[in-house]
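# Structural description and commentary
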Amino acid sequence: MHYILSHPGKRKSNEDSVFPEHVNGVGARSFIVCDGVGGHRNGEIASGIVSREVGQRLVMHEAPGEREILEAIDHAEKKLAEHSDDFPDCKGMASTLVGFHPIDDEKGYAYWVGDSRLYHIRNSEIVFKTKDHSLVQMMVDSGEMTEAEALSSRSKNVIMQAINDGRRKAEPEIALLEDLREGDYILLLSDGILEGCTEDDLILHLNSNPLKEAVTEIRKKCEVHSNDNFSLIAIEIHHA
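Everything numeric in this text was worked out from a predicted model, so none of it was measured.

## Quick word on the overall build of the protein
Within the protein, the regular secondary structure consists of seven helices and 12 strands. Taken over C-alpha atoms, the radius of gyration comes to 17 Å for the protein, in line with the 18 Å a tight globule of 240 residues would show. For the protein, the C-alpha atoms occupy an extent of roughly 50 × 40 × 35 Å along the three principal directions. Relative to its full complement of 240 residues, the protein shows a buried share of 50%. Partitioning the intrachain contacts of the protein with sequence separation of at least 6 by distance along the chain shows that 69% fall at a separation of at least 24. As displayed, the protein offers around 11,600 Å² of accessible surface, 49% of which is attributable to carbon and sulfur atoms. Charge separation in the protein, taken as the distance between the mean sites of 26 positive and 43 negative side-chain charges, equals 4 Å.

## Brief notes about unusual backbone geometry
In the segment running from Phe19 into Pro20, the intervening peptide bond is cis, with an omega of -5 degrees. The topology assignment puts Pro20 in the loop between strand S2 (16–19) and strand S3 (31–37). For Asn123, which is not glycine, the phi torsion reads 50 degrees and is therefore positive. Looking at where Asn123 falls in the secondary structure, it is placed in the loop between strand S7 (117–122) and strand S8 (125–129).

## A look at helix H7 (residues 211–225)
With 15 residues, H7 should cover 21 Å at 1.5 Å per step; its first-to-last C-alpha distance of 21 Å lies within 8% of that length. Inspection of H7 places Leu211, Ala214, Val215, Ile218 and Cys222 among the buried residues, and these make up the whole buried set. Down the axis of H7, the smallest arc covering the buried residues is 95 degrees, so these residues share one side. Against strand S1 (2–7), strand S11 (185–189), helix H5 (191–196), helix H6 (199–208) and strand S12 (230–236) lie the buried residues of H7.

## Comments concerning the side chain of Gln161
When you line up the elements, Gln161 lands in the loop between helix H4 (147–152) and strand S9 (163–164). Within the local environment of Gln161, its side chain forms a polar contact with the backbone nitrogen of Glu171, the two atoms lying 2.5 Å apart. Ignoring sequence-local partners within four residues, the contact set of Gln161 consists of Val113, Gly114, His133, Arg168, Ala170, Glu171 and Pro172.

## What about the packing of H6 against H7?
Interhelical geometry of H6 versus H7 gives an angle of 145 degrees and a closest axis separation of 8 Å. Here H6 runs over H7; the crossing is right-handed. Side by side, H6 and H7 meet where Asp201, Leu202, His205 and Leu206 of the first sit next to Leu211, Ala214, Glu217, Ile218 and Lys221 of the second. Class assignment of the residues belonging to the contact of H6 with H7 gives a composition of five nonpolar, one polar and three charged.

## Observations concerning the layout of surface pockets
The volume enclosed by the largest pocket comes to roughly 660 Å³. If you trace the largest pocket, you find 24 residues lining it, with Arg117, Asp132, Ala150, Leu151 and Leu194 closest to the centre. For the lining of the largest pocket, the elements supplying multiple residues, two or more each, are S7, helix H3 (135–141), H4 and H5. Counted by class, the lining of the largest pocket contains eight nonpolar, five polar and 11 charged residues.

## What to know about the environment of Ala175
Tracing the sequence through the fold places Ala175 in strand S10 (residues 173–177). When its relative accessible area of 15% is taken as the criterion, Ala175 is described as buried. The sequence separation of Ala175 and Phe128 amounts to 47 residues, and the corresponding C-alpha distance is 9.8 Å.

## Remarks on the state of the cysteines
Under the definition given, this model contains zero disulfides. Between Cys34, a cysteine without a disulfide, and Cys90, which holds the nearest cysteine sulfur, the sulfur-to-sulfur distance is 16 Å. Unpaired in this structure, Cys197 has its nearest cysteine sulfur neighbour in Cys222, at a distance of 4.1 Å.

About the criteria used
Residues numbered from 1 in each chain as written. Predicted model: local features only at pLDDT ≥ 70, side-chain atom pairs only at ≥ 80, totals over all residues. Heavy atoms only, no water. Helix = DSSP H or I, 4+ residues; strand = E, 2+ residues; numbered from the N terminus. Rg over C-alpha atoms; globule rule 2.2 N^0.38 Å. Buried < 20%, exposed > 50% of the residue type's maximum accessible area, 1.4 Å probe, protein only. Contact = heavy atoms within 4.5 Å. Areas by Shrake-Rupley, 256 points an atom, 1.4 Å probe, with all protein chains shown as cover. Lys, Arg positive; Asp, Glu negative; His and termini not counted. Charge placed at Lys NZ, Arg CZ, Asp CG, Glu CD. Expected span 1.5 Å × (residues − 1). Arc of directions from axis to C-beta. Polar contact = N/O pair within 3.5 Å; in protein donor to acceptor, adjacent residues only side chain to side chain. Axes fitted to C-alpha atoms, helices over the stretch in contact; angles between N-to-C directions. Left-handed = near helix turned anticlockwise from the far one by under 90°. Nonpolar A, V, L, I, M, F, W, Y, C, P; charged D, E, K, R; others polar. 1 Å grid on protein atoms, 1.4 Å probe; cavity = no way out; pocket = protein on both sides within 12 Å on 5 of 7 lines; lining within 4 Å. Points joined across faces, edges and corners; volume = space filled by probe spheres on them. Disulfide = S-S within 2.5 Å.

Right, here's the structure in full:
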């Protein structure tokens, strides 16, 4: 079961994109959240191209592995480059990417570029979360900054990697989640969600509500507290 949220927040346009689009419930085979870079319309175009091209490529495969994920991301980069060649005003556009592709009831691939995140949550604990490709994450890793300081840093939106139109080839990270259990949650989200909700808030809403209502409560909080676009795909693991 899954529910999808994508909202412009306090901005005029929404540069986030999700795959699948506007589909709630069951049956989806691949999940993606992207956050566009490049300013207004360009960011919206970039995130749309990346989410659509990666998602459509992966659902064509019965059981994609790391090679197919990397090929899908490479294909999306080529599509961005083609679009920039056709529309020079779009030069420099890019997008973050975070995805989850289930393999079976107990396993699935997480993959990401940039600072959009995936969380695997079980019994109110974060079992796994992706590590941002961002300046503040590099500073946290080097000991120059604490995680608390990173949350309020003026540099928190500076990303070190993105799917782009050819300036620098992305280096995606891929993780195989091998212990998915009944009742676990997978969350994919853009950074605008974390501007409106802390990790503890996300866990509290999941624990206090059925999944659909939890997503609604997260939306309400982000509408008040987030100045950015915000997108979320929330998945509850159920074994057949």
